[in-house]
Amino acid sequence: MTKPTLRERLAAADEFVTVTEIVPWRGPAADRAGRAELAAAHALVDDPRIAALSITDGAGGHAMASPVLLAEEFLARGQDVIVHVACRDRSRNGLLSLAWELERRGVRNVLAVSGDHPVEGFEGLSRPVFDVDSVGLLALYHGLDNEGSGGAVQPGFYLGCAVSPFKRLEAEVVPQYLKLALKVRAGADFVIPQLGYDARAWDELLHWMRRADLRVPVLASVY
């Protein structure tokens, strides 16, 4: 039986939704690290509690295996996925081309992030792009719903965004909240906050979202 999609599960108010994040490995899939990662991921695919596997895109600025290839494999096994798309390595044209590739491969859930600065590369540091940030990426992918001609099927992405409420100073956390509002207005359908261990910060984020009338689901991160 095919699992319900992430969009369907988040729309159900009476269900606690669980998503597991997968960080791709460095090197070929035949390497020991690749085989171990795939084996763990395949076990999660068979777990009915997992609504989606969330696949990172060069987490920490490291060069890693493409999340798109993993996403296609998991989708073929009946597991919904979230593909992270970082602005770090792509121009706006590259991001647009990637959108069409994701649509073709059956990916519907995208977590739009600006991305971490590169920390390594061939013969030195890789040059970052950041042609647009996460707000611009959300607007770009959200706008694809209304593009096209001749009745062509459009991607119709279910878009996620990130926020970090775990800041020490008010001057640091308020810009996070204000940018979150921009992200939701740009088209974000759900929020995945970055990792943190302060329960009060979680509570404050939810209170602020209700006050700002940001009516989108929030998924907590547990490490």
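Residues numbered from 1 in each chain as written. Predicted model: local features only at pLDDT ≥ 70, side-chain atom pairs only at ≥ 80, totals over all residues. Heavy atoms only, no water.

1. Observations concerning the pattern of salt bridges
Within the structure shown, the criterion is met by 10 salt bridges. Between E15 and R9 there is a salt bridge whose closest N-O contact spans 3.6 Å. For E15, a relative accessible area of 34% puts it in the partly exposed group. The salt bridge partner of D133 is K179, with a shortest N-O separation of 3.4 Å. Of this pair, D133 sits in the loop between β4 (109–113) and α5 (134–143) while K179 sits in helix α6 (residues 170–186), placing them 46 residues apart in sequence. Overall, D133 belongs to the partly exposed group, its relative accessible area being 32%. One salt-bridge network, held together by shared partners, links E72, E101 and R105. (Salt bridge = Lys/Arg side-chain N within 4 Å of Asp/Glu carboxyl O. Buried < 20%, exposed > 50% of the residue type's maximum accessible area, 1.4 Å probe, protein only. Helix = DSSP H or I, 4+ residues; strand = E, 2+ residues; numbered from the N terminus.)

2. Some remarks on the packing of helix α4 (residues 92–104) against α5
Put simply, α4 and α5 touch, their axes get as near as 11 Å, and they point 45° apart. By the angle class used here, α4 and α5 are oblique. You can see that α4 and α5 cross each other, and the crossing is right-handed. Across the interface between the two elements, R92, L95, L96, L98 and A99 from α4 touch L137, L140 and Y141 from α5. Classifying every residue of the contact of α4 with α5 by side-chain character gives 7 nonpolar, no polar and 1 charged. (Axes fitted to C-alpha atoms, helices over the stretch in contact; angles between N-to-C directions. Parallel < 35°, antiparallel > 145°, perpendicular 65-115°, else oblique. Left-handed = near helix turned anticlockwise from the far one by under 90°. Contact = heavy atoms within 4.5 Å. Nonpolar A, V, L, I, M, F, W, Y, C, P; charged D, E, K, R; others polar.)

3. Quick notes on the packing of α6 against helix α7 (residues 199–211)
Running from N to C, α6 and α7 point in directions that differ by 45°, and their axes come no closer than 11 Å. Taken together, the axes of α6 and α7 lie oblique to each other. Our pair here, α6 against α7, has a crossing hand that is right-handed. Note on element contacts: α7 touches α6 through E204, L205, W208 and M209, opposite V173, Y177, L178, L180 and A181.

4. Focus on the pairing of strand β6 (residues 190–193)
The two faces of β6 match: F190 and I192 on one face and V191 and P193 on the other face are all buried. Bridge count between strand β5 (residues 158–163) and β6: 4 bridges; the pairing is parallel. Paired with G160 across the bridge in β6 is F190. Assessed by its sense of winding, the connection that carries the chain from β5 through α6 to β6 is right-handed. (Pairing = 2+ DSSP bridges. Right-handed = clockwise from strand over helix to strand, strands pointing away.)

5. Re a negative patch on the surface
Together, E170, D198, D203 and E204 make up a region of like negative charge exposed at the surface. Topologically, D203 is positioned in helix α7. By relative accessible area, D203 is classed as partly exposed at 41%. (Patch = residues over 30% accessible without salt bridge, like charges linked within 9 Å, V, L, I, M, F, W, Y side chains within 5 Å. Areas by Shrake-Rupley, 256 points an atom, 1.4 Å probe, with all protein chains shown as cover. Lys, Arg positive; Asp, Glu negative; His and termini not counted. Charge placed at Lys NZ, Arg CZ, Asp CG, Glu CD.)

6. With respect to the environment of A186
Relative to the elements of secondary structure, A186 occurs in helix α6. Residues A186 and G136, spaced 50 residues apart in sequence, show a C-alpha to C-alpha distance of 7.8 Å. When neighbours within four sequence positions are excluded, A186 is seen to be in contact with V135, L138, A139 and H142.

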